[in-house]
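Examining the three-dimensional arrangement
Here is how the chains run, residue by residue.
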2 protein chains.
Amino acid sequence: MTGRHRVDAAAQVATDASPDVDRAVRAAAAAGVERTTRAERADWLRALADAVEAHRDELVALAHDETHLSEARLGGEVTRTAAQLRFFAGVIEEGSYLEATLDAPDASLTPPRPDLRRMLRPIGPVAVFAASNFPFAFSVLGNDTASALAAGAPVVVKAHPGHPELSRRVAAIGRDALAAAGGTADALQLVEGLDAGVALVGHPLVAAVGFTGSTRGGRALFDLATARPAPIPFYGELGSLNPVVVTEAAATADVAGIAAGLAGSFTRDGGQYCTKPGLVLVPADHGFEAALDDALAEVDGQRLLTDGMAVAFVDGVDRLGSLDGAEVVLPGRLADGAAPAAAATVVTVDAVTFAAGPESWLEECFGPLTVLVRYRGDDERDRAIATLEGSLTASIHHAPGEDVRDLADALGRIAGRLVFNGWPTGVAIAWAQHHGGGWPATTASVHTSVGATAIRRWLVPVAYQDAPAGVLPPELRDGNPLGIPRREDGTPKPGSRTA
Amino acid sequence: MTGRHRVDAAAQVATDASPDVDRAVRAAAAAGVERTTRAERADWLRALADAVEAHRDELVALAHDETHLSEARLGGEVTRTAAQLRFFAGVIEEGSYLEATLDAPDASLTPPRPDLRRMLRPIGPVAVFAASNFPFAFSVLGNDTASALAAGAPVVVKAHPGHPELSRRVAAIGRDALAAAGGTADALQLVEGLDAGVALVGHPLVAAVGFTGSTRGGRALFDLATARPAPIPFYGELGSLNPVVVTEAAATADVAGIAAGLAGSFTRDGGQYCTKPGLVLVPADHGFEAALDDALAEVDGQRLLTDGMAVAFVDGVDRLGSLDGAEVVLPGRLADGAAPAAAATVVTVDAVTFAAGPESWLEECFGPLTVLVRYRGDDERDRAIATLEGSLTASIHHAPGEDVRDLADALGRIAGRLVFNGWPTGVAIAWAQHHGGGWPATTASVHTSVGATAIRRWLVPVAYQDAPAGVLPPELRDGNPLGIPRREDGTPKPGSRTA
C-alpha cells in the first residue's frame, strides 16, 4: 500500500533501528496467513484456546507472580481468553463479517452498472500493543490477536512490560499450537521494549495497530501512526471515566444497594479496569456517602499491577484531592503487610464546583478510586453531564418505570455502551457488544475492541467488476457455494448454515 | 466527545478566527438532524433529488460556464446526483445499515452476558470538502452530503473554488428543498475559502470530515484532523494512478480494441477523473503504441476545470517527460481556439527503467495523460506491479479463459476495485460498489465514498445493556416493530420489508 523507494528507504531505517522488529514483521508478512481459508483459521483459533486452557495452572501462577492479581481472577481470565478465541472461530465460520455483496449488471442506470461483487479481505500485518491489566484477555493471545488472526491478518505483539515472562510463555505456547494445528508459527510474533513499539508502528509493512493502554502512551503512538508517509489506522483504547448517574428516585428507593454495587465495581481487582466507574453523580442529602463508606469498610487494599502504577495512583489521589472543592475520603483498608497496596479511595465534590472546575477533574485515575459528584436537582446534574468527555461506558441507576430517555440521550452522545441499573465492569463477549467511545476513550469511535465487529478493524473491502468466475473468492461466486449470508441485488439472504 | 474547557477555549479560537464557519457549524449542530426518523430523512433525500432535477437546465448552464465540462456530461452528472440521493433514501429505509444486533442474557457464560442491543447512530456534524471535477456528484449535494444526511448527520460543505456560483445556487436550492420537505434548512451549510476549510477541520463540534481532492491538500487537512486535541476521522480520497495491465494474450487478440478503449477512458472529459487510467502496462512489440496513436488522432483537446489545473498539467507533462527513459508523445489534437486546452498526451517508458526509477513515476498527473510502461515478459511486468502504491482501481485486460488469478491477487493488494476487460472510469452506484484503496488513494482504506457502505463513515455504534424498552430506539425493541433486518442471538433475520 506504500510507495516503493519510500518503502525501501523506510524499511532500511527500520532494519537499522530495530533488527528484531524488522525480522518479526517480515516473518509475519511472509507467513501466508492471508491465503488461508476461514475453516483453517477457525481450527487455529480453537487450537489456541485449547492450548491456553491446557496450560492454565502454569500460566495463572506466572501471571499471579507478575501482576499480583488473584489466582481466582486470573483463572477466570484464562476462561474468558479461550472463549474469545472460540467466539471468533464461530464468527468467521458464519461468514457475515465478510459483507459479501453482489449486484447484477443493469445497463439502464446512470451510470450503467456492471457486475459488481464486494467483500472484505485481510488488511495485512497487524501490530498489537498488549495491556497491563488483562495479562491474558488483552495481551498476547487476547482479543486483538484473536480477531486479527480470525480476519486473516498476521500479528506482531508488543509485550507489556508488566508481565514479560508470561508474555514470552504465552507466545511460545501460541506459536507451537499454531504449528501443530497445521498453521504457521510465524503468524504470531512477539517483540519487547519501548523502542520496539515505536519501530513497530513506523514499520512500512505494518498495516494497522491495535492498542490498549494509557491516554499518554496511546496518543504518542497514534501521532506516529498518522504521521507516517503512508498513514495507517490506529485503533486505540485509551482512558475512560465511565460516568455513573444515580437518579434521586433510585437513591430514594435503594441507596444501600447501589452504594454496595459501586463499592464492588470500582475496587474490583484494584480498580484496574478500563470500565471502572471513575465518576458517580449522586443526589446530595440522600445518604449515599455514608452508605458507600459502610460498603467499603470491609474492602481490602490491593497491590497494583506495577510499582509505577502504585506511584501514579498516589499522585492521582493527590492531584484530585488538591482541586478546588475536593475532599478525600479513605474508607478502604490496607491489607496487613501489603506494602505498596492501594486502599479504596473516594473523592467528593459538589456538582456546581465540578462543572466549573478545571479539566483535570476529567483525567482518569487508574486504581481503586472514584469521584462522587453531589448534585442538588436535575439541572445541576445535567450541567455536570454536559461537561464530560468520551467514555467507553455510561451507567444510569433509576427507579422502576422512571423516564430516563433524556438522560440516556445525553450520555449516549459520549459513551459507546449504556448500562441500566448495573455496573460497567465485566464486558461480555457478544455479537451485540460495543467497547468504544469518543476521545479519549478511543482514537476511532467507529470501532470496537470487544465483540464480533472487532474483526472489522483488520479488514479492507475489495470490489470485483465483471470478474471471471475463476478469479472470484468462493464466497462471491454464483450459487453461493460456501453458504454464507450475502446481500444479492440489495436483498439480504441468510446463509445455509444459519437459515 | 471532547473536553469542556478545552472545547470552550477551542470554540473561542474558532469563533475569533472564522466567525462564518463557527456560525455554520453551530447552526448545523443545532438543526436536530440526529433526532429525525429514517422515513423523514428519506423524504428529504428524494426532495433534494427532485429539486436538483427541477433546476437541471439552470444548473447545467452555470456549471458549464464555471467548469468547461460539456453540457452533455453535466446533464448526466445531474441525473447521477439525483440517483445517489434516491439511492441513500432506499438504503436507510431498508435499515440494514444500522447493524441492529440483539443478544439475549446468558448467565452461564464467562463473563456472564446481560441483555445487549447494538446499533449505529449519527456521528454528529460532518465537514464535506467538495471536489473540482464533479461539480454536482461530489460537491454540495453530492455523495458525501447524501450519505451524511441519510445517516442523520448535518453537513457543512466547503465549496470548491472552481465552481463558486454553482455551489451557492445548489446550496440555496438544497436548503429550500429541505425546509419545504419538512426538514430544516440548517442541516445543510456552505462555507468558502481556504481559511474556512482549515477552521472547519479544527472546529470542536465537527465530528468527521469527507474530502475529495489532491494528495497535497488532503494530506494537509488529514494532518490537521489527526493533530486536534480530540482527533476526528478524516475520510479522504486523494490521488490514484489506476494501473491497467494488458496481458500479452489480450494484446495479441485485440490490440486495436483495447487501445481504443484506453483512448476513450483516459481522455474522457479531459482526463479529470479520480479513476482515470494513468499507468498502463503493455507488452512491448505488440503494436500497442501505434494502435493508441491511431485511436487518439481524432481526440480533441479539452479546456481543463481551472487555469491552475492547466498550469499543473503542463508541469506534470514536463516532470514526467524529464524522467530517465521517458518519451513524450502528443497524438491528441488541440481544438481550434481553445486557448488553455490540454491535448491527449502519452508518456512511454520501458518496464525495467520504470521499476528502477524514482518515485515521481507514481505521482498522479491530473488531465488527459497516461504513462505506457512496456514490458518484455511477465517477470518484467510483475516487478513493475510490485512497485505500485495504493489506487482506487486496477484493471486487467486478458484473453478469454486466460488464468489471471495471480495478477488479480497482486493488484488486489493495492486497489479497492478490480476491473476485468473494462475501464475504471464510470463508478456505478450500487450496494456492492467500493471506491477506496491504499494510501495515497485514500487516507482510510477501510472506507468508501461511493456505494451503500459510504454511509458508515458518518455513524458510530452504541450498545444498550439491560435497557428499559422505553429507552431503546424502535429498531432495537422486542418484536422488531419497524421490520428491519437484524441479527438476533447470532442469527441474521431478514426484515419484513425485504423478506
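The structure displayed is predicted, hence computed values, not measured ones.

Focus on the overall build of chain A
Assigned secondary structure in chain A consists of 15 helices and 19 strands. Expected size for 499 residues packed as a compact globule is a radius of gyration near 23 Å; at 24 Å, chain A falls within 12% of this value. Counting only C-alpha atoms and orienting by the principal axes, one finds that chain A spans roughly 75 × 55 × 40 Å. For chain A, buried positions account for 58% of its 499 residues. Residue pairs at least 24 apart in sequence account for 75% of intrachain contacts in chain A once pairs closer than 6 positions are excluded.

Section: the sheet that holds strand 6 (residues 208-212) of chain B
Residues and elements named next belong to chain B. Strand order in the open sheet formed by five strands is 5-4-3-6-7, and the pairing between neighbours is parallel. With partners counted over all chains shown, the strands left at the sheet margins are strand 5 (188-191) and strand 7 (234-237), one partner each. Taking each pair of neighbouring strands and ignoring which way they run, the sheet shows an average axis angle of 15°. Sitting on the sheet, helix 2 (residues 19-29) touches strand 4 (155-158) and strand 5, and the angle it makes with strand 5 is about 170°. Contacts from helix 9 (residues 215-227) reach strand 6 and strand 7, with the element oriented near 170° to strand 7.

Comments concerning the sheet that holds strand 15 (residues 391-397) of chain B
Taken in spatial order, the 12 strands line up as 19(A)-18(A)-1(A)-2(A)-17(A)-16(B)-15(B)-8(B)-9(B)-14(B)-13(B)-11(B) in an open sheet, and their pairing is mixed. Two strands close off the open sheet at either side, each with one partner strand: strand 19 (491-493) of chain A together with strand 11 (327-329) of chain B. On average, adjacent strands in this sheet sit at an angle of 20° to one another, irrespective of strand direction. Judged from the seven bridges that link them, strand 2 (residues 116-122) of chain A and strand 17 (residues 459-465) of chain A form a sheet pairing that is antiparallel. Across the sheet, M119 of chain A pairs through a bridge with V462 of chain A, a residue of strand 17 of chain A.

Thoughts on helix 2 (residues 19-29) of chain A
For the α-helix, the turn length of 3.6 residues means that residues three or four positions removed from each other point alike. Listing the buried residues of helix 2 of chain A in full gives V21, D22, A24, V25, A28 and A29 of chain A. Axial view of helix 2 of chain A: buried residues confined to an arc of 165°, hence all on one face.

A look at the domain arrangement of chain A
Reports often express the size of an interface as the amount of accessible area lost when the parts come together. All names here are of chain A. The domains assigned to chain A are domain 1 (4-238 + 446-458) and domain 2 (243-420). Placing a centre on the C-alpha atoms of domain 1 and another on those of domain 2 gives a separation of 33 Å. Taken together, the contacts link eight residues of domain 1 with seven residues of domain 2. Here the residues of the side of domain 1 that touches domain 2 are counted per class, giving one nonpolar, five polar and two charged.

Comments concerning the nonpolar core
Side chains of nonpolar character tend, in soluble globular proteins, to be buried together. Ranked by size, the top nonpolar core spans 336 residues in total, and within it L45, V155, V209 and V373 of chain A together with V155, V209 and V373 of chain B carry the most contacts. Non-local contacts of V155 of chain B, meaning those with residues more than four positions away in its chain, are made with A28, V126, V128, T145, A148, L149, A187, L188 and Q189 of chain B.

Here we look at helix 12 (residues 307-321) of chain A
All names here are of chain A. Taking 1.5 Å per residue as the helical rise, helix 12 with its 15 residues ought to reach 21 Å, and the 21 Å between its terminal C-alpha atoms agrees with that figure. Within helix 12, the full set of buried residues consists of M309, F313 and G316. In an axial view of helix 12, the angular spread of the buried residues amounts to 65°, which keeps them on one side of the axis. Those residues of helix 12 that are exposed and angled more than 90 degrees off the buried face are D307, G308, V311, D315 and D318. Each element contacted by the buried residues of helix 12 is listed here: strand 12 (341-342) and strand 14 (369-375).

What to know about the relation of the copies chain A and chain B
Rotating chain A by 180° about the axis while translating it 0.0 Å along that axis superimposes it on chain B, leaving an RMSD of 0.0 Å. Classification of the inter-copy transformation places it as that of a two-fold axis.

Things to note about the interface of chain A and chain B
Contacts between the two partners involve 80 residues from chain A and, on the opposite side, 80 residues from chain B. Those elements that provide at least two residues to the side of chain A that touches chain B are helix 1 (4-17), helix 5 (71-94), strand 1 (101-103), strand 2, helix 15 (405-412), strand 16 (415-420), strand 17 and strand 19 of chain A. Among the elements that take part in the side of chain A that touches chain B, strand 17 of chain A stands out by supplying six residues, more than any other. Residue composition of the side of chain A that touches chain B, grouped by class: 38 nonpolar, 28 polar and 14 charged.

Regarding the pairing of strand 6 of chain B
Residues and elements named next belong to chain B. Counting buried positions over the five residues of strand 6 gives five, a clear majority of the element. Neither face of strand 6 is exposed, since A208, G210 and T212 on one face and V209 and F211 on the opposite face are all buried. Relative to strand 6, strand 3 (residues 126-129) runs parallel, the two being bridged by four bridges. Residue pairing in the sheet places V126 in a bridge with A208 of strand 6. Each parallel crossover has a hand, and for strand 6 linked through helix 9 to strand 7 it is right-handed.

Regarding the pairing of strand 7 of chain B
Residue and element names in this part refer to chain B. Neither face of strand 7 is left uncovered, since the one carrying F234 and G236 and the one carrying Y235 and E237 both have all their residues buried. Looking at chain direction, strand 6 and strand 7 are connected through four bridges and run parallel. Bridging across to strand 7, V209 finds its partner in F234.

Here we look at the packing of helix 4 (residues 56-67) of chain A against helix 7 (residues 164-180) of chain A
Residue and element names in this part refer to chain A. At their nearest, the axes of helix 4 and helix 7 sit 8 Å apart, and the two run at 155° to each other. On the basis of the axis angle, helix 4 is roughly antiparallel to helix 7. Counted together, L59, L62, A63 and E66 of helix 4 and E165, L166, R169 and V170 of helix 7 form the full contact between these two elements.

What to know about unusual backbone geometry
Backbone torsion omega between T110 of chain A and P111 of chain A reads -10°, so that peptide bond is classified as cis. Positionally, P111 of chain A belongs in the loop between strand 1 and strand 2. Of note, N242 of chain B is a non-glycine position whose phi angle comes to about 50°, a positive value. Relative to the helices and strands, N242 of chain B is located in the loop between strand 7 and strand 8 (243-246). Taking the C-beta count within 10 Å as the criterion, N242 of chain B has 29 such neighbours and is therefore assigned buried. Positioned with a positive phi, N421 of chain B is a non-glycine residue whose angle comes to about 50°. Here N421 of chain B shows up in the loop between strand 16 (415-420) and strand 17 (459-465). Residue N421 of chain B is classed as buried on the basis of its C-beta count, with 20 C-beta atoms lying within 10 Å.

Digging into the environment of G236 of chain B
Residues and elements named next belong to chain B. Summarising the element assignment, G236 is placed in strand 7. Once the C-alpha coordinates of G236 and T215 are considered, the two residues, 21 residues apart in sequence, prove to be 8.9 Å apart. Setting aside residues up to four positions removed in sequence, G236 forms contacts with F211, G218, F222, T442 and T443.

Quick notes on the packing of helix 10 (residues 248-267) of chain B against helix 11 (residues 288-296) of chain B
Describing two packed helices takes the angle between their axes plus the distance from one axis to the other. Residues and elements named next belong to chain B. Orientation of helix 10 relative to helix 11, taken along the N-to-C sense of each, is 35°, at an axis distance of 8 Å. In this structure, helix 10 meets helix 11 at a crossing whose hand is right-handed. Between helix 10, through A251, V255, A256, A259, A260, L262 and A263, and helix 11, the contact on the second element is made entirely by F288, A291, L292, A295 and L296. Here the contact of helix 10 with helix 11 is built from residues that sort into 12 nonpolar, no polar and no charged.

A few points about the environment of T348 of chain A
All names here are of chain A. In this fold, T348 is placed in strand 13 (residues 345-350). Of the residues examined, T348 has 21 C-beta atoms within 10 Å and is grouped as buried. Placed 164 residues apart in sequence, T348 and T184 show a C-alpha to C-alpha distance of 54 Å. Contacts of T348, omitting those with residues within four sequence positions, involve E289, E327, V329, L372 and R374.

Regarding the environment of T67 of chain B
Residues and elements named next belong to chain B. Looking at where T67 falls in the secondary structure, it is placed in helix 4 (residues 56-67). Among the residues examined, T67 registers 25 C-beta atoms within 10 Å and is labelled buried. Separated by 238 residues in sequence, T67 and L305 place their C-alpha atoms 4.7 Å apart. Look past the residues within four positions of T67 in its chain and what remains in contact with it is P135, G162, H163 and L305.

The rules behind these values
- Residues numbered from 1 in each chain as written.
- Chains lettered and ligands numbered in written order.
- Predicted model: local features only at pLDDT ≥ 70, side-chain atom pairs only at ≥ 80, totals over all residues.
- Helix = DSSP H or I, 4+ residues; strand = E, 2+ residues; numbered from the N terminus.
- Rg over C-alpha atoms; globule rule 2.2 N^0.38 Å.
- Buried ≥ 20, exposed ≤ 12 C-beta atoms within 10 Å, placed from the backbone.
- Contact = placed C-beta atoms within 7 Å.
- Pairing = 2+ DSSP bridges.
- Axes fitted to C-alpha atoms, helices over the stretch in contact; angles between N-to-C directions.
- Arc of directions from axis to C-beta.
- Domains from an automatic or database assignment.
- Nonpolar A, V, L, I, M, F, W, Y, C, P; charged D, E, K, R; others polar.
- Core = buried A, V, L, I, M, F, W, Y, C linked by C-beta atoms within 7 Å.
- Expected span 1.5 Å × (residues − 1).
- Least-squares fit on C-alpha atoms with pLDDT ≥ 70 in both.
- Right-handed = clockwise from strand over helix to strand, strands pointing away.
- Parallel < 35°, antiparallel > 145°, perpendicular 65-115°, else oblique.
- Left-handed = near helix turned anticlockwise from the far one by under 90°.

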